[in-house]
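# Inside the fold
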Amino acid sequence: MKIEKLKVENFRNIESASLSFSDGVNLLYGQNAQGKTNILEAVYYFARGKSFRGSSDGELKRFGNDGFFIEMTFDSNERRQSLAYRVYGKDKKKYRNGAEEERITDMIGHFRAVLFFPEHLTLVKEGPSMRRDFMNIGISQIKPMYLNIYSEYNKILENRNTILKNAQKGLYYSEEQLDIWSNSLAKRAAYINEKRSEYIKKISESAKRILYELSGGKEELSLEYVSDIKGGSDIEAQYRDILFSSREREIAAGCSLYGIHRDDVEIKINGISARSFASQGQQRSIVLALKMAEGEVCREYSGEYPVFLFDDVLSELDEKRRAYIMEKKQDRQILITACEKQGFDDSDVNVIKVEKGTYVSSYR
Ligand code: ATP
Ligand code: MG
């Protein structure tokens, strides 16, 4: 995967910009609040169909404007492709290779990227939701169908919770409707469970090898997918059993107590829980290993590396971990943001100076 060109209009602090990217490392550098992360946000928008900073589309348009336009051309498995979004108010137009697409899910899975930004450094220590996001994002890029099933799951979960809440309050509720939602939930949960369990197995193999390399053979990583299900066969039936046998408890709680919205990933280093015991440095290495592994697994499925987006994290990593990333530039495209250009003096780095939403490249 290789980005050729990015065009941005009225997005964040960028009035209008056109950027070209090279193979290998592209460094966006400049002072704080100039528009470095804004470019990664625009690029990653093509991977997910939304901002990675949790901002709404309305917050992305440049202050004082009604909307924004972003367009990117990239090569994927030697085919040139383009994606574009034109967003004005509630109107969000989506284009793929020049033709308008109806659904956001038709836009996902064409451009694939791995994003690593400072908040991810808490992935090991935080509660499970960031680790679930890690699975969701990784899987939906290689299996776009996952995204559809996942959003169906969430809608069903919401409906089911409404009924459970009514039941808890002693209001009228339909037992039959609750059965229907339980069956539909079990079906989606089974699909998601299988995909997550398969994904974590793959990620675990890669991440283990990477951390072994990064730590000079001192650290052994293992990942385990944690769910309500024991695994084995007929996962859907297992979910149904749990949902139907826990009805009284769920009514008492007024919400769904079981399902893939409660999953986690158990991370161990040398056999002990990383969440409880890993040092700061070990956590950094683990997250870097997970991100690099995300790229490896993506490549296994799609035949090529995704684009790697490193927002501000190189300054957080030590020399050895930085060098590890820079070694990988031969066969993949990497976009890095930093405040300084020191350490990137290499002539084959495309250095882009960022100032007040403008971008000047050392290339061309
Ligand atoms: P840092 O080094 O601090 O991470 P950065 O270069 O990555 O800085 P960005 O996050 O890319 O900075 O850009 C931040 C700038 O964009 C801020 O000045 C902010 O006020 C501005 N900005 C954010 N949203 C909008 C918007 N909707 N319209 C105009 N400007 C915006
Ligand atoms: Mg930034």
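### Section: the packing of aromatic side chains
Within this structure, the stated rule accounts for 11 aromatic pairs. Both rings, one in tyrosine 44 and one in phenylalanine 52, keep their centres 6.0 Å apart while their planes meet at 80 degrees; by these two values the pair is edge-to-face. Accessibility assignment for this pair places tyrosine 44 and phenylalanine 52 in one class, buried. The interplanar angle of 65 degrees and the centroid separation of 4.9 Å between the aromatic rings of phenylalanine 52 and phenylalanine 117 together place this pair among those described as edge-to-face. Of this pair, phenylalanine 52 sits in the loop between α1 (36-48) and α2 (57-60) while phenylalanine 117 sits in the loop between β8 (113-116) and α3 (129-142), and the two are 65 residues apart along the sequence. The exposure class of phenylalanine 52 is buried, given its relative accessible area of 13%. Judged by its relative accessible area of 13%, phenylalanine 117 falls in the buried class. If you follow arginine 332 out to its NZ or CZ, it ends over the ring of tyrosine 305, 3.8 Å from the centre.

### A look at the side chain of aspartate 263
Within the secondary structure layout, aspartate 263 lies in the loop between α7 (247-253) and β10 (264-269). Looking at aspartate 263, the relative accessible area reads 0%, which means it is buried. Of the polar contacts made by the side chain of aspartate 263, one reaches the side chain of tyrosine 225; its length is 2.4 Å. For aspartate 263, the residues in contact, after removing those within four places along its chain, are Pro128, Arg132, Met135, Arg196, Tyr225, Val226, Ser227 and Asp228.

### Examining the sheet that holds strand β6 (residues 91-96)
Strand order in the open sheet formed by 6 strands is β2-β1-β4-β5-β6-β7, and the pairing between neighbours is antiparallel. Each having just a single partner strand, β2 (14-20) and β7 (99-101) make up the two edges of the open sheet. Averaged over all adjacent pairs, the angle separating strand axes in this sheet is 15 degrees, with direction ignored. Across 6 bridges, strand β5 (residues 79-88) lies against β6 in antiparallel orientation.

### Structural notes on the pattern of salt bridges
With the rule as written, the count across this model stands at 27 salt bridges. Lysine 2 is paired through a salt bridge with aspartate 23; the nearest N and O atoms lie 3.4 Å apart. Of this pair, lysine 2 sits in strand β1 (residues 2-11) while aspartate 23 sits in the loop between β2 and β3 (25-29), placing them 21 residues apart in sequence. Owing to a relative accessible area of 53%, aspartate 23 belongs among the exposed residues under this scheme. Residues glutamate 220 and lysine 208 are paired through a salt bridge, measuring 3.3 Å at the closest nitrogen-oxygen approach. Note that glutamate 220 is positioned in the loop between α5 (175-214) and β9 (221-226) and lysine 208 in helix α5, a separation of 12 residues in sequence. Counted as one network, the salt bridges with shared partners bring together Lys2, Glu4, Asp23, Asp75 and Arg80.

### So, helix α9 (residues 280-302)
Counted at 1.5 Å a residue, the expected span for α9 with its 23 residues is 33 Å, and the 33 Å between its end C-alpha atoms agrees. Count one or two residues on from α9 and you reach glycine 303, which has phi positive near 90 degrees.

### What about the sheet that holds strand β12 (residues 307-311)?
Judged by pairing direction, the sheet is mixed, and its 6 strands sit side by side in the order β8-β12-β13-β3-β14-β15 without closing on themselves. Where the open sheet ends on each side, the last strands, each with one partner, are β8 and β15 (358-361). If you compare each strand with its neighbour and ignore which way they point, the axes differ by 20 degrees on average. Each of β8 and β12 touches α9; the most contacted strand, β8, lies at about 170 degrees to it.

### Quick word on unusual backbone geometry
Leaving glycine aside, a negative phi is the common case for residues, and trans is the common case for peptide bonds. Of note, asparagine 10 is a non-glycine position whose phi angle comes to about 50 degrees, a positive value. Mapped onto the elements, asparagine 10 comes out in strand β1.

### With respect to the site of ligand 1
Around ligand 1, the surrounding shell holds 16 residues, and the nearest of these are Ala33, Lys36, Thr37, Asn38 and Lys61. Between lysine 36 and ligand 1, the recorded distance is 2.8 Å, taken from a side-chain N or O atom to an oxygen atom. Threonine 37 is positioned with one of its side-chain polar atoms (N or O) 2.8 Å from an oxygen atom of ligand 1. For ligand 1, the accessible surface in isolation is 660 Å², of which the surrounding protein chains cover 76%. For the shell around ligand 1, the element with the highest residue contribution is α1, accounting for 3 residues. Per-class residue counts for the shell around ligand 1 are 3 nonpolar, 7 polar and 6 charged.

### Considering the side chain of serine 206
Assignment of secondary structure puts serine 206 in helix α5. Its relative accessible area of 6% is what places serine 206 among the buried residues.

### Remarks on the pairing of strand β13 (residues 334-338)
Residues in a regular strand point their side chains to alternate faces of the sheet. When you tally the buried positions in β13, you get 5 out of 5 residues, the bulk of the element. Judged by which residues are buried, β13 turns out to be covered on both faces: Ile334, Ile336 and Ala338 on one side and Leu335 and Thr337 on the other are all buried. The pairing of β3 with β13 spans 5 bridges and is parallel. Residue pairing in the sheet places tyrosine 29 in a bridge with alanine 338 of β13.

Definitions and cut-offs
Residues numbered from 1 in each chain as written. Chains lettered and ligands numbered in written order. Predicted model: local features only at pLDDT ≥ 70, side-chain atom pairs only at ≥ 80, totals over all residues. Heavy atoms only, no water. Phe/Tyr/Trp six-rings, centres within 6.5 Å; stacked < 30°, edge-to-face > 60°. Buried < 20%, exposed > 50% of the residue type's maximum accessible area, 1.4 Å probe, protein only. Helix = DSSP H or I, 4+ residues; strand = E, 2+ residues; numbered from the N terminus. Lys NZ or Arg CZ within 6 Å of the ring centre and 35° of its normal. Polar contact = N/O pair within 3.5 Å; in protein donor to acceptor, adjacent residues only side chain to side chain. Contact = heavy atoms within 4.5 Å. Pairing = 2+ DSSP bridges. Axes fitted to C-alpha atoms, helices over the stretch in contact; angles between N-to-C directions. Salt bridge = Lys/Arg side-chain N within 4 Å of Asp/Glu carboxyl O. Expected span 1.5 Å × (residues − 1). Near = heavy atom within 4 Å. Areas by Shrake-Rupley, 256 points an atom, 1.4 Å probe, with all protein chains shown as cover. Nonpolar A, V, L, I, M, F, W, Y, C, P; charged D, E, K, R; others polar.

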